[in-house]
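The residues making up each chain are set out below.
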Protein chains: 2
Amino acid sequence: MTAADAPDLSRCSLNTATVKRATLEEAVALAAEAGYGAVGLWRDRVQEIGADRAATVVADAGLRVSSLCRGGFLTATGADDVAAALDDNRRAIEEAATIGTRELVLVVGGLPANSAPGQGPRPDAGPADRDVVAARGRVTDRLADLAPFAADHGVRLVLEALHPIFAADRAVLSTLGQALDLAAPFDPAVVGVVVDTYHVWWDPDLRSSVARAGAEGRIAGYQVCDWVLPLAADPLLSRGYVGDGYVDFATITRWVAEAGYVGDVETEIFHQEIWDDDPRHVVATVADRYSRHVLPHLTAA
Amino acid sequence: MTAADAPDLSRCSLNTATVKRATLEEAVALAAEAGYGAVGLWRDRVQEIGADRAATVVADAGLRVSSLCRGGFLTATGADDVAAALDDNRRAIEEAATIGTRELVLVVGGLPANSAPGQGPRPDAGPADRDVVAARGRVTDRLADLAPFAADHGVRLVLEALHPIFAADRAVLSTLGQALDLAAPFDPAVVGVVVDTYHVWWDPDLRSSVARAGAEGRIAGYQVCDWVLPLAADPLLSRGYVGDGYVDFATITRWVAEAGYVGDVETEIFHQEIWDDDPRHVVATVADRYSRHVLPHLTAA
């Protein structure tokens, strides 16, 4: 479909969150038209049309599903909240199996003191609600609860370390090494990790953690977007196109390749201006940045 | 001066950055009046009156200087910029010696791609300017350059790990463990580390790193302020009073105490509303929060 000298986008995946305004059908059509090999799907867009229909849309376009985003939020303390979290994650596992991906990305959740993502602590939050060590322990417990169900469905629970800027309100899991420690008790086919440049680029242990993740067979995905400054008012929306910020994509991509990763590379960007842009232009820009800053480093020398 | 049942503020230190509008004399007078044992000084306020005069002001008030903030910014690449950084740090070492503290806090600097703190990359920034591994290597080189001069002056170079939110523009040193690795080649009397709750509270390795820092004799200071949300537009100004955010001060303070730290506890808050407040009220609030959230945990059981 593309010219002989066109860049190879066979491992390039469009995460639907990057084109937030597009429906699943629109995002899939744009990715296929641009020559991408895969899409990463968010559950909101899947649920709009149902997982069965989503699977058909993607397959008919000749694309793979590189991951489903996202399950998680496993740090609740009360019995009802724990049960609700487990129920929701079981539904996510079923959706992943239906749409044909084995990789379900999990954002593990923040501190119980948290009132709402991005907001301050609950007025009644006490010391126990700030106990990050205990919150991490509950993540381990919930993984153990969910692992058998995931294994039965051929789905992997993919732990995503989030940048420490989100440790209070979204994820008490902040480094790839910590994700690997959490995953260690489980079969690598059932609990894996994703390397997201935005979240881990700063980590002094990144090279060794990526190598360890590869050696353990746990790299379930590689997500790329850039760390840009100044931060947006909502830091969640502060990601940039690959190449617009501070991340050393050549080096990190080489580390991921050297770790043996041969899967898809998802571009997942949350950014208001990019969301407001023409999705076709966004898809073209993502492909261009992937081709220039990621693809040349994606095959280990 | 205080009532018999008043809290013991003998280890409580006021960092002058917390009362940014106050002159050094005003800050010292307020701290002494409130019963603090020490002050942490920023170089701008020292330089306004000269280091000799600053030393006299603090000594006359019966206070200690817990630290001088700050040297650092050691990641430059060009020969002129490297020479300028070394010159500035030698002056900071001399100032520390003159004002009577052995602890000179260093913020090591960000990526060369950085245009200015909080801003985007330089338009001409290339891949080498984003090489965080190389930038860290230059910090090691500059520490080796400065260590003999610091030792001669009886001053310790105190590495401050900054929250990864500042990795691009202010410090490629992001964890206490990384700071200890950087410090390892040097005598603990010459290169130490500071534990700042705002920067390290999220770190999954914090407990072991604090214990290691204590065992190595490198804990040069304990700084406290809270991680609050939502983040301020300038995240540098996003710190809060102890108790207003998500940090588990009971636990971290206990770890620091168990590591054998018996020095001063500096409250260093950058926050516009706190800066705009009456400094006397700020000093009273800092003392109250210290007494309630830090002091009870500061002596190992």
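Values in this document were obtained by computation on a predicted structure and should not be read as measured data.

Considerations on the packing of aromatic side chains
Move 1: The full count for this structure, using the stated rule, is 9 aromatic pairs over all chains.
Move 2: Note on W202 of chain A and W202 of chain B: the rings are 5.5 Å apart at their centroids and 85° apart in plane angle, and the pair reads as edge-to-face. A residue pair is termed interchain when its members come from two chains, as with W202 of chain A in the loop between α7 (197-200) and α8 (206-215) and W202 of chain B in the loop between α7 (197-200) and α8 (206-215). This pair shows no difference in class: W202 of chain A is buried, exactly as W202 of chain B is.
Move 3: Residues F270 of chain A and W275 of chain A carry aromatic rings whose centres are separated by 6.3 Å and whose planes lie at 45° to one another, so their mutual orientation is tilted. Side by side, F270 of chain A and W275 of chain A carry an identical accessibility label, which is buried.
Move 4: Chaining the aromatic ring pairs together yields one cluster made of W42, F270 and W275 of chain A.
Move 5: The lysine or arginine in question, K20 of chain A, covers the ring of W275 of chain A, its NZ or CZ lying 4.7 Å from the ring centre.

A word on the environment of G126 of chain B
Residue and element names in this part refer to chain B.
Move 1: On the secondary structure map, G126 appears in the loop between β4 (103-107) and α5 (132-152).
Move 2: A relative accessible area of 19% places G126 in the buried class.
Move 3: In the structure, G126 is positioned 13 residues away from A113 in sequence and 7.2 Å away in space, judged by C-alpha atoms.

Concerning helix α6 (residues 176-183) of chain A
Move 1: In terms of burial, α6 of chain A is a largely internal element, 7 of the 8 residues being buried.
Move 2: Against the buried residues of α6 of chain A lie α5 (132-152), β5 (156-160), β6 (191-196) and α8 of chain A.

Brief notes about empty space enclosed by the protein
Residue and element names in this part refer to chain B.
Move 1: Enumeration according to the criterion identifies 4 cavities of 30 Å³ or more in this entry.
Move 2: Of the voids in this model, the largest cavity is the one considered here, and its volume is about 120 Å³.
Move 3: As for the largest cavity, its lining consists of 14 residues, of which R70, V107, E160, R239 and F270 are closest to the centre.
Move 4: Here the residues of the lining of the largest cavity are counted per class, giving 8 nonpolar, 1 polar and 5 charged.

Conventions adopted
Residues numbered from 1 in each chain as written. Chains lettered and ligands numbered in written order. Predicted model: local features only at pLDDT ≥ 70, side-chain atom pairs only at ≥ 80, totals over all residues. Heavy atoms only, no water. Phe/Tyr/Trp six-rings, centres within 6.5 Å; stacked < 30°, edge-to-face > 60°. Helix = DSSP H or I, 4+ residues; strand = E, 2+ residues; numbered from the N terminus. Buried < 20%, exposed > 50% of the residue type's maximum accessible area, 1.4 Å probe, protein only. Lys NZ or Arg CZ within 6 Å of the ring centre and 35° of its normal. Contact = heavy atoms within 4.5 Å. 1 Å grid on protein atoms, 1.4 Å probe; cavity = no way out; pocket = protein on both sides within 12 Å on 5 of 7 lines; lining within 4 Å. Points joined across faces, edges and corners; volume = space filled by probe spheres on them. Nonpolar A, V, L, I, M, F, W, Y, C, P; charged D, E, K, R; others polar.

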